[in-house]
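The primary structure of each chain is shown beneath.
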Amino acid sequence: MTPETVLSAIVERACDRKAEEIVSLDLRAIGGIADYFLICTGRSDRQCRAIHDAIHLGMKAEHGMLPARVEGVSEGHWILMDYLDVVVHVFTPETRERYRLEQLWREAPATKLEPVAADA
């Protein structure tokens with residue numbers, strides 16, 4: 001899978017669990033860490049864990065992919081999932097505001113992603 005298709009599949013899983021304020025940061029020109037950061041918000045630590053679970057289980061079942069590293073699931077305030085080319089950050093609103101990754105990586109082009117529309 002290309003980094004873009006991995007990103008798209010992850011966004012779809014996050015949307016399944018009602019993730020909010022979904023933003024991708026394109027890090028390719030900056031180099032080093034990953035091609036993309038995906039940043040999203042869950043309204044509570046419980047919802048953040050549900051977003052993590054949907055991404056983790058969906059990527060494993062549908063694409064045979066497991067993250068190289070996962071951190072923060074037990075606390076649920078900031079969950080990091082490292083899919084190498086795509087690093088996922090799932091935040092509670094307070095934690096996202098505190099760490100402000102979009103500002104920290106402001107030189108990376110950001111794309112606000114709209115949730116995938118649910119079937120009626």
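Look a little higher up for the structure.
Quick caveat, the model's predicted, so the values are computed rather than measured. Position numbers for residues start from 1 in each chain and track the written sequence from start to end. pLDDT decides what is reported in this predicted model: residues at 70 or higher carry local features, side-chain atom pairs at 80 or more are listed and counted, and totals for whole chains, interfaces and linings draw on all residues regardless. Only hydrogens and water are removed before side-chain values are computed, so all heavy atoms of the structure are retained for them.

1. Some thoughts on the overall build of the protein
Okay, step 1: Along its length, the protein carries four helices and six strands.
Okay, step 2: Secondary structure elements follow DSSP: runs of H or I of four or more residues count as helices, runs of E of two or more count as strands, with numbering from the N terminus. In the protein, the succession of α and β elements from N to C terminus is α-β-β-α-β-β-β-α-α-β.
Okay, step 3: C-alpha atoms define the radius of gyration in this analysis, and the globule rule sets the expected value at 2.2 Å times the number of residues to the power 0.38. Relative to its length of 120 residues, the protein is compact, with a C-alpha radius of gyration of 13 Å against a globular reference of 14 Å.
Okay, step 4: Judged by the C-alpha coordinates and their principal axes, the protein covers about 35 × 35 × 30 Å.
Okay, step 5: Counting the 120 residues in the protein, one finds 42% classified as buried.
Okay, step 6: We call two residues contacting when some pair of their heavy atoms lies within 4.5 Å. Partitioning the intrachain contacts of the protein with sequence separation of at least 6 by distance along the chain shows that 61% fall at a separation of at least 24. Note on exposure labels: buried denotes an accessible area under 20% of the residue type's maximum, exposed denotes more than 50%, and partly exposed covers the range between, all computed with a 1.4 Å probe on protein chains only.

2. Topic: helix α2 (residues 45–63)
Okay, step 1: Expected helix span is taken as 1.5 Å per residue step, with the number of steps being one fewer than the number of residues. Between its terminal C-alpha atoms α2 stretches 26 Å, which fits the 27 Å expected from 19 residues at 1.5 Å a residue.
Okay, step 2: For α2, the secondary structure elements touched by its buried residues are α1 (3–16), β2 (36–41), β3 (69–71), β4 (78–82) and β5 (86–91).
Okay, step 3: One or two positions beyond α2, positive phi appears at Gly64, with a value near 65 degrees.

3. Examining the environment of Gly64
Okay, step 1: Within the secondary structure layout, Gly64 lies in the loop between α2 and β3.
Okay, step 2: The spacing of Gly64 and Ser74 is 10 residues in sequence and 24 Å in space, taken between C-alpha atoms.

4. Section: the state of the cysteines
Okay, step 1: Pairs of cysteine sulfur atoms within 2.5 Å are identified as disulfides in what follows. Under the criterion given, the structure shown has zero disulfides.
Okay, step 2: With no disulfide of its own, Cys40 has Cys48 as its nearest cysteine by sulfur position, at a separation of 7.3 Å.
Okay, step 3: Looking at Cys40, the relative accessible area reads 0%, which means it is buried.

5. Focus on unusual backbone geometry
Okay, step 1: Positive phi outside glycine occurs at Lys18, with the angle close to 65 degrees.
Okay, step 2: Mapped onto the elements, Lys18 comes out in the loop between α1 and β1 (20–26).
Okay, step 3: Its identity is not glycine, yet Arg100 carries a phi of approximately 45 degrees, on the positive side.
Okay, step 4: Relative to the assigned elements, Arg100 resides in the loop between α3 (93–99) and α4 (101–104).

Limitation: the analysis is restricted to geometry and does not speak to function.
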